[in-house]
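Listed below, chain by chain, are the residues.
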Amino acid sequence: MMDSRTVVAIILAAGQSRRMGPVNKLLMVVEGVPMVERVLLAIQAAGVEKTIVVTGFESDRIEERLSGYDIEFVRNEKFEAGMGSSLAVGTAALAEKRFDGILVCLGDLPYLKKDSIVKVIDAFNQANGEKIVVPCFEGKRGHPVIFPSRYRENLESLEGDAGARALIQQEARNLLELGLSEEGIIRDMDTAESD
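Residues numbered from 1 in each chain as written. Predicted model: local features only at pLDDT ≥ 70, side-chain atom pairs only at ≥ 80, totals over all residues. Heavy atoms only, no water.

Visitor: So what exactly am I meant to see when it comes to the packing of aromatic side chains here?
Guide: We describe a pair of aromatic rings using the distance from one ring centre to the other and the angle between the two ring planes. Tallied over the full model, the rule gives two aromatic pairs. With a centroid separation of 6.4 Å and 50° between ring planes, the pair formed by F57 and F79 is classed as tilted. In this pair, F57 is assigned in the loop between β4 (50-55) and α2 (59-65) and F79 in the loop between β5 (72-75) and α3 (83-92), connecting sequence segments 22 residues apart. Using a relative accessible area of 19% as the deciding quantity, one classes F79 as buried. Between the NZ or CZ atom of R187 and the centre of the ring of Y111, over which it lies, the distance is 4.0 Å. (Phe/Tyr/Trp six-rings, centres within 6.5 Å; stacked < 30°, edge-to-face > 60°. Helix = DSSP H or I, 4+ residues; strand = E, 2+ residues; numbered from the N terminus. Buried < 20%, exposed > 50% of the residue type's maximum accessible area, 1.4 Å probe, protein only. Lys NZ or Arg CZ within 6 Å of the ring centre and 35° of its normal.)

Visitor: Where do I start with the confidence of the model for the protein chain in this structure?
Guide: Should the pLDDT be low somewhere, the predicted coordinates at that spot are not to be read in detail. Here the protein chain averages 89 in pLDDT, and 92% of its residues register 70 or above. Note on residues 191-195: pLDDT is under 50 here. Beyond four places in sequence and across chains, it has seven contacts. (pLDDT = per-residue confidence, 0-100. Contact = heavy atoms within 4.5 Å.)

Visitor: Help me understand unusual backbone geometry, please; the structure alone is not making it clear to me.
Guide: Apart from glycine, the bulk of residues carry a negative phi angle, and the bulk of peptide bonds sit in the trans form. Residue P144 is reached from H143 by a cis peptide bond, and omega for that bond is 5°. Examined against the element boundaries, P144 turns out to sit in the loop between β8 (140-141) and β9 (145-148). With a phi angle near 50°, E31 is a residue other than glycine that sits in the positive phi range. With respect to the helices and strands, E31 occurs in the loop between β2 (29-30) and β3 (33-34). The exposure class of E31 is exposed, given its relative accessible area of 63%. Even without being a glycine, E138 presents a positive backbone phi close to 50°.

Visitor: Just checking my understanding: could you explain the pairing of strand β7 (residues 132-137) for this structure?
Guide: Consecutive residues of a regular strand have side chains that alternate between opposite faces of the sheet. The buried fraction of β7 is high, at six of six residues. Side chains I132, V134 and C136 project from β7 onto one buried face, and the interleaved V133, P135 and F137 project onto a second face that is buried too. Here five bridges tie β7 to strand β10 (residues 175-179), and the two strands are oriented parallel to one another. Bridging from a neighbouring strand, V133 pairs with L176 of β10. Where β7 folds back onto β8 in an antiparallel hairpin, the turn is made up of two residues, including E138, whose phi is positive at roughly 50°. (Pairing = 2+ DSSP bridges.)

Visitor: In this structure, what is going on with the pattern of salt bridges? I would like to understand it.
Guide: When their charged atoms lie close together, side chains carrying opposite charge are able to pair. Here the structure, examined in full by the defined rule, presents 11 salt bridges. Across the salt bridge formed by R38 and E31, the nearest N and O atoms sit 3.5 Å from each other. In this structure, R61 and E58 form a salt bridge, with 2.7 Å as the shortest nitrogen-oxygen distance. One network of salt bridges, in which partners are shared, links K50, E72 and K97. (Salt bridge = Lys/Arg side-chain N within 4 Å of Asp/Glu carboxyl O.)

Now the structure itself:
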């Protein structure tokens, strides 16, 4: 029987969604549910035990919308610096927690399915919690990505808007690319015309 490892999730929900104009895309309703809430529901349905939501732009609105869930909010006061800074803040909030993997997910993937998240977690478990697992759709890398806990300090030191892309490239020998048939792992909504 395959060992199951403890995975904690960080949802990045701090961005300004500049390309959407005056609209906060994370609160846009998609099929009856705000986008960021859809991501949270998929993660929770996948059985992730602990979830941290990093807020920044319009923190109050996002935190109010998600206030009924058993999650922890962390605010990135420097959210304008970009995704890397949000990931660093979210990872720092895990300092006192014990876990095997950090599942990182963008808050603007409204079509992300529970099954995709479960497959990423299963692949992480099958790799004995030793590999960075990145899901791919038709050769394009998506989310969520799981990092083994040993990368905690690397993630905490991130800054700017590059996210963890450079870290993933540096650690190519410890990378597991998981091909999935679900487009939801890459289908974000960066522009109002995305649909």
